[in-house]
Every structure is written in structure tokens, then in C-alpha cells.
Amino acid sequence: MFLGIDIGTSGVKAVVLDEHGAVVGQGTAALTVQRSHPLWSEQDPEAWWQATTAAVRAIDPAVRRAVRGIGLAGQMHGATLLGADDQVLRPGILWNDGRSHAECAELEAKAPDLHRIAGNLAMPGFTAPKLLWVAHHEPETFAKIRTVLLPKDYVRLRMTGEKASDVSDAAGTLWLDVERREWSDDILAATGLTRAQMPRAVEGTAQTGRLRAEVAEAWGIDQVPVAGGGGDNAAGAAGVGVVKDGDALLSLGTSGVIFAATKEFRPNPAGAVHAFCHCLPGVWHQMSVHLSAAACIDWVARLTGTPGAAELFARAESVGPASGPEIFLPYLSGERTPHNDAEVRGAFLGLDHDTSPERLAQAVLEGVAFALADGLSVLRDAGTELSQLSVIGGGARSSYWGQTLAAALNVELVYLKGGEVGPALGAARLAQLAVDGGSPEEVCAPPPISHTIAPDAALAERFAPKIARFRDSYSRITPRNR
Ligand SMILES: Nc1ncnc2c1ncn2[C@@H]1O[C@H](COP(=O)(O)OP(=O)(O)O)[C@@H](O)[C@H]1O
Ligand SMILES: O=C(CO)[C@@H](O)[C@H](O)COP(=O)(O)O
């Protein structure tokens, strides 16, 4: 059996798969995000470790004892800064933190080959500009940095004592030469760092040490090998069989992502398209990233006094799609694709005397879907054609949202068994490849389909004027145009 652990933003998910890919055990533990200043978004690395331990220990002890390998997936880009003796120097700066806007311009100027080597625009969520921010604003901390890790790689260090990162996650730092799948000394130098401060860059299917004796004992698992794993989107892709050119997925986690596997490195920074390594050797991917997807569901649930996501979807369904004039712009943490605008914030437009919590809930579902449609159009402009998306992440639990999404995106959505914990599934499959070998396409074949949702043409027609108003509204609310 193989254990996959996903350090998500809203919580850690741990899943055990048997050798045939069936889920035989699961555990979860929640995480919170700290936002102590406007634009900031942080988590304490110790909280990742405590939640990982809790999620693993929630799995049946007999299942844990049968685990032969562990894989890691996690929220990407988070800057985890370690000093001498590997002590954590400050809270982790997350993927949806927008403070390093000025440093992005500085990095673009200092590293003229950035787009060719790293394949991406400098955006505040990425790790490299955050390190420039620390150098400018917290120079004493910067001087102490011995190692920079990503969230799942910090958990790996606690599990194994090894400093390693798989190339799909490492690509999200902007310090990786994405085509060559190794660190770029030039881009590191542009942020005042060297390769000695980076973990070893490995493929997601490589072994990166074994569980330390004390962790093995506390978790009730043998001292098994730990696989490189993947950034959560790439690991999610491995979990639902999105592994070859043309395969694509929609992730509905805290963030929203459209991910398309590519057979070669295909950078296209225009429109803030991301181009990174896949977690499987010899494969890359493009993605559009939207900073607040299911995060908006939780936010509007809190705003309307609704107990949770399931109840929020029920409230939206009670009024139905395209039922009111309300438009929601889901930029609660700013936006990456297509606007690359860390400072824009969300908005409701078109409120009237009949606006109700139910109609606000429905507008939020639609606003996230319309933002994803913006992302899909820039991916299409970048040459990626897709007609079908496999759905992963917590938002995959709602078929009602799926109807809105399929119509707004005009694609068929495919829901696979276990897709709601896709990154953890993929991490477990990467562990299997690291321990037993085998063909990535066979081990990472799609799980059985639970259902599909085809785009409803009549609903798409009703959405069309709302989508046009949505697109028109960004330029009116961004601080860039004030
Ligand atoms: N029944 C449900 N239907 C739709 N979405 C849900 C449901 N339950 C939880 N969610 C959403 O799932 C999200 C968490 O998804 P997840 O993929 O675990 O995110 P992350 O990896 O960012 O932690 C929550 O923000 C919540 O809005
Ligand atoms: O920043 C990105 C991808 O570039 C995000 O997709 C993060 O990787 C967080 O993922 P979730 O917690 O939403 O799964």
C-alpha cells in the first residue's frame, strides 16, 4: 500500500491506495491562513507538520502498518526559510501572498532571460520575488537563510531529514531552468542566493530518503521510502491520469486551476499562462491559475451565515443559475491569469432590492466560473486546445457547480472516483512508481469515472451577457486604472 499526503492550503489530506489504486484509508486535518497585513498570506510551517501528523494518524492503524512508500504533494510557491540547524526563520509566505509586486519588476529587470529560462512572468505568488522582498524588508532574516524550501519539502525534511524538491514544484519558484529541469544559477544570483541554499532537484518518481525512526514510530509506519512527489496541481494530474499531451484538468481547491499536460516545455508568459515541469519525467504542462476559487465559497458562506460549502451550494441551487443580475468578481486575493494583478480586489456588481443571500451565493459560483473561462481563453490563445476537463479538489464534490462551470467554459467535465483528493491520490501513485517502478501511464491511469457533465447550450446562452459584463468590469475595478 502507498500513502499520499497533500499539504493543501485549507488542510492536509492523507490517502492510502492499495496496489490496484483503490482507496483503502483517508485522514484529514484543517489549516488556517493568517493575513496580518493587506496583501499578506502566511502559514506557520509547524502547523503543516502538526496537521500532517494528525491526518496520517487519523488513518486506521492496520492500514498504516501495510504502507510501503509515501509520496508528497502540496500547495506550491510558499517560501519556507530555514537558518542554521534548520530552524524556521519566519512564517511561510504563501502562493496567494501579493506583497512582492515591486520585487517582480526588479527581478524582471535583473534577470533578462527569466521568461526563456523559468518560462513565466515574475508574479508575486512565486517564490523568487518573495526572497527579494525579504532581502529588502527583513535584511536580518535574509542574512540568516541557509535553505529555502517549499511547503511539502519542509514536511519531507521533518519526515526524512533530506532536503529535496521535485521539479514540478521547484519550477514554481522561478529559480528552475524548466526545460533542463535543474536550478538556474543566473536566476538564483539575481535574488542574492546560490544553489547551496536550494534543496536537491529530483523527478517526482525519485526516492528522497526514508522515514526517520522516530517519525515511523509515531506514525505506526515502517521506515519506508519517500518519493519526490509533486506540486499539488501536477500531483493531482498524476492522480487522475492527466499525463500526456492534450490531457487536462480543472482543480477547484482554495485556488482554481486549468492544467494541460504538454510533451515539451511550452512557455507562453503572455496572459500570465504558467509553464512548469510535470511531476512525471519528460512531461511539462501549462496552466491558468486563479487565486480564489473554492476560497470564495467559504468566504460567502461566512458572509451569509451559512454553515459550510454543502449548505452554500444548496442555497445557490434554490435560486438556480443566471437567476439574478448580480455579478461577482472573485479577486479576493488579487488574480494571476490573465491579469497578473496582485492588488485588484473582489467586487459585487448589479445588486438590487431583491438581492438575497441565495442570489449572492449563486453569483459567487458564477463569478469563479467566469474567471476560469478567462483562463481557458488565454490557454487557447497559447495554442492549447481542450474539450474535456477532469475535475479535482474539494469543489469536485458539487455537481451543481459543475453545471455552471461546464456551461461557462463550454467543455465537458469528467468526475473521477477520488478526484476530490486528487493531489493526495497522485502523491500515492508517485510513491508506487518510486518503490516498485513501472510505467507512469499505467500506474497513473485515470480512476473510474463517477459521472460527466456536458455543457448545457441554453444555460451558456443565458450566461453570455453576464460573461461579457464580467469581462468588461475588471478594467473598472483594478487600482491600475485609478
Ligand atoms: N460539499 C462540497 N461541495 C463543494 N465544495 C466543497 C464541499 N465541501 C468542501 N468544499 C470546498 O472544498 C474546498 C477545499 O478544497 P481542497 O481541494 O481541499 O483545497 P486545498 O487543497 O486548497 O486545501 C473548500 O474551500 C470548500 O469550499
Ligand atoms: O499557486 C498555485 C499554483 O500556481 C496554487 O494552485 C497553489 O498550488 C495552491 O493550491 P490549492 O491549495 O488551491 O490546491
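The shown structure was predicted, so the numbers you read here are calculated from the model rather than taken from an experiment. Each chain has its residues counted from 1, following the order in which its sequence is written. Each chain is given a letter, starting from A, and each ligand a number, starting from 1, according to the order in which they appear as written. Where local features are concerned, this predicted model is filtered to residues with pLDDT of at least 70; where side-chain atom pairs are given and counted, the filter is 80 or more; whole-chain, interface and lining totals use all residues. Based on all heavy atoms of the structure, the side-chain values leave hydrogens and waters out of the count.

A. Representation of the UniProt feature "active site" (unreviewed entry) in the protein chain. UniProt positions are given in the numbering used here, feature names are shortened, and annotations may be inferred rather than shown by experiment. If you check UniProt for "active site" (unreviewed entry), the listed places come out as Asp232 in our numbering. Strands are runs of DSSP state E lasting at least 2 residues, helices are runs of H or I lasting at least 4, and numbering of each runs from the N terminus. With respect to the helices, strands and loops of the structure, Asp232 is situated in helix H11 (residues 232–239). Looking at Asp232, the relative accessible area reads 16%, which means it is buried. Whether two residues are in contact is decided by their heavy atoms, any of which lying within 4.5 Å being enough. Residues within four places of Asp232 in sequence aside, it is in contact with Asp6, Ala73, Gly74, Gln75, Met76 and Pro423. The buried label applies to any residue whose accessible area, calculated with a 1.4 Å probe on protein chains only, is under 20% of its type's maximum; exposed applies above 50%, and partly exposed to all values in between.

B. Summary view of the sheet that holds strand E23 (residues 412–416). Paired strands, in this sense, are two strands between which DSSP finds at least two bridges. Pairing is mixed across the open sheet formed by 7 strands, whose spatial order is E18-E19-E17-E16-E22-E23-E24. In this open sheet, the two strands that pair with only one neighbour each are strand E18 (274–277) and strand E24 (449–453). Averaged over neighbouring strand pairs, the angle between their axes works out to 30° when direction is ignored. Where E18 and strand E19 (residues 284–290) come together, 4 bridges link them in antiparallel fashion. By the bridge assignment, Cys277 is partnered in E19 with Trp284. Axes here refer to lines fitted to C-alpha atoms; in helices the fit is confined to the stretch in contact. Angles between the N-to-C directions go from 0 to 180 degrees. Sheet strands in contact with helix H15 (residues 399–409) are strand E16 (248–252), strand E17 (256–262), strand E22 (388–392), E23 and E24, and its direction is about 50° off that of E24.

C. Representation of the packing of H11 against helix H16 (residues 422–436). Look at H11 against H16: their axes get within 6 Å of each other, and the N-to-C directions meet at 75°. By the angle between their axes, H11 is roughly perpendicular relative to H16. Here Asp232, Ala235, Gly236, Ala238 and Gly239 of H11 come into contact with H16, specifically with Gly422, Pro423, Leu425, Gly426, Ala427 and Arg429. Taken together, the residues that form the contact of H11 with H16 break down as 5 nonpolar, 4 polar and 2 charged. Here roughly perpendicular refers to angles of 65 to 115 degrees, roughly parallel to angles under 35, roughly antiparallel to angles over 145, and oblique to all remaining angles. By the convention adopted, Pro, Cys, Tyr, Trp, Phe, Met, Ile, Leu, Val and Ala count as nonpolar, Lys, Arg, Asp and Glu as charged, and the other residues, Gly among them, as polar.

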